[in-house]
Amino acid sequence: MCPRLSLDVLWAPAPPHCLPELLNVIAKDKLLSPILVIDCLTSTPKYTLGDVRKYLTDVLKAESDVITREQQLSSKYREESERMKEQTTALQNNPIVFQSSRCAFRACNKPLELPTVHFFCQHSFHQYCFQTYSECEAECPLCAGARRRPDEPQHTAEALHHRLHHDHDP
Ligand SMILES: [Zn+2]
Ligand SMILES: [Zn+2]
């Protein structure tokens, strides 16, 4: 059904048996806000609560789903921020031991030798690898890459490194 048509139909009341389908389209395509729909329907004495009950229940359910999702998100963020606070305290008070013995760029992965660059996330790099392939001085390129492209495991800089390496081969 054409959206424009459904609006016209709603303003010029449709027979009650057409209403569920009409409301379905309005809800699905978000043509009108629920308040406006109710306003419009209450001004039409032709309809009963029964005609709009399903629409109203669906709208309320969708709203409550959104609220639930947002509550879940907010508690997730609260937990994350608690964890970060703990990590910060740990970083401030405990010594850090950097244990990696190899360059964290997968394309390099050679034993670390000085000069090296270490990050608190325990990723360490050859200084020359870091300078050549990192996009930003201040953050670990692996962790930053994972944050920006969670579904793309290989960092673009690493991919470039890999390609450069293999392009040398005849
Ligand atoms: Zn390296
Ligand atoms: Zn890292």
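Residues numbered from 1 in each chain as written. Chains lettered and ligands numbered in written order. Predicted model: local features only at pLDDT ≥ 70, side-chain atom pairs only at ≥ 80, totals over all residues.

- Under the annotation held in an unreviewed UniProt entry, the chain carries the name RING-type domain-containing protein and is attributed to Arctia plantaginis.
- In UniProt, the chain has this text filed under Subcellular location (unreviewed entry): "Late endosome membrane". (UniProt positions renumbered as here; feature names shortened; annotations may be inferred.)

## Some remarks on the packing of helix α2 (residues 19-28) against helix α4 (residues 49-93)
So, step 1. Close contact between α2 and α4 brings their axes to 9 Å; oriented N to C, the two are set at 20 degrees. Regarding the angle of α2 to α4, the classification is roughly parallel. In this structure, the crossing between α2 and α4 has a hand that is right-handed. Residues Leu19, Pro20, Leu23 and Ala27 of α2 form the contact with α4, whose participating residues are Asp51, Val52, Lys54, Tyr55, Asp58 and Val59.
So, step 2. The class makeup of the residues in the contact of α2 with α4 is 7 nonpolar, no polar and 3 charged. (Axes fitted to C-alpha atoms, helices over the stretch in contact; angles between N-to-C directions. Helix = DSSP H or I, 4+ residues; strand = E, 2+ residues; numbered from the N terminus. Parallel < 35°, antiparallel > 145°, perpendicular 65-115°, else oblique. Left-handed = near helix turned anticlockwise from the far one by under 90°. Contact = placed C-beta atoms within 7 Å. Nonpolar A, V, L, I, M, F, W, Y, C, P; charged D, E, K, R; others polar.)

## Quick look at the environment of Tyr133
So, step 1. You can see Tyr133 is positioned in helix α5 (residues 127-133).
So, step 2. With 21 C-beta atoms counted inside 10 Å, the residue Tyr133 sits in the buried group.
So, step 3. With 28 residues separating them in the primary sequence, Tyr133 and Phe105 have C-alpha atoms 9.0 Å apart. (Buried ≥ 20, exposed ≤ 12 C-beta atoms within 10 Å, placed from the backbone.)

## With respect to the UniProt feature "coiled-coil region" (unreviewed entry) in the chain
So, step 1. The residues that UniProt annotates with the feature "coiled-coil region" (unreviewed entry) are residues 67-94.
So, step 2. The span residues 67-94 is 96% helix and 0% strand, and its two end C-alpha atoms sit 40 Å from each other.

## Some thoughts on α4
So, step 1. Here α4 is 45 residues long and its end C-alpha atoms lie 64 Å apart, about the 66 Å a rise of 1.5 Å per residue gives.
So, step 2. At Tyr55, α4 shows its largest kink, close to 25 degrees.
So, step 3. In terms of burial, α4 is largely open, as just 1 of its 45 residues are buried. (Expected span 1.5 Å × (residues − 1). Bend = angle between axes of the 7 residues up to and from the residue.)

## Structural notes on unusual backbone geometry
So, step 1. Cis geometry marks the peptide bond from Leu114 to Pro115; its omega dihedral reads -5 degrees.
So, step 2. Tracing the chain through its elements places Pro115 in the loop between α4 and β1 (116-118).
So, step 3. Despite not being glycine, Lys30 has its phi angle at roughly 50 degrees, a positive value.
So, step 4. Position of Lys30 among the secondary structure elements: in the loop between α2 and α3 (34-42).
So, step 5. C-beta crowding within 10 Å serves as the criterion here: with 9 such atoms nearby, Lys30 is assigned to the exposed category.
So, step 6. A positive phi is found at Asn109, a non-glycine position, where the angle reads about 55 degrees.
So, step 7. In this fold, Asn109 is placed in the loop between α4 and β1.

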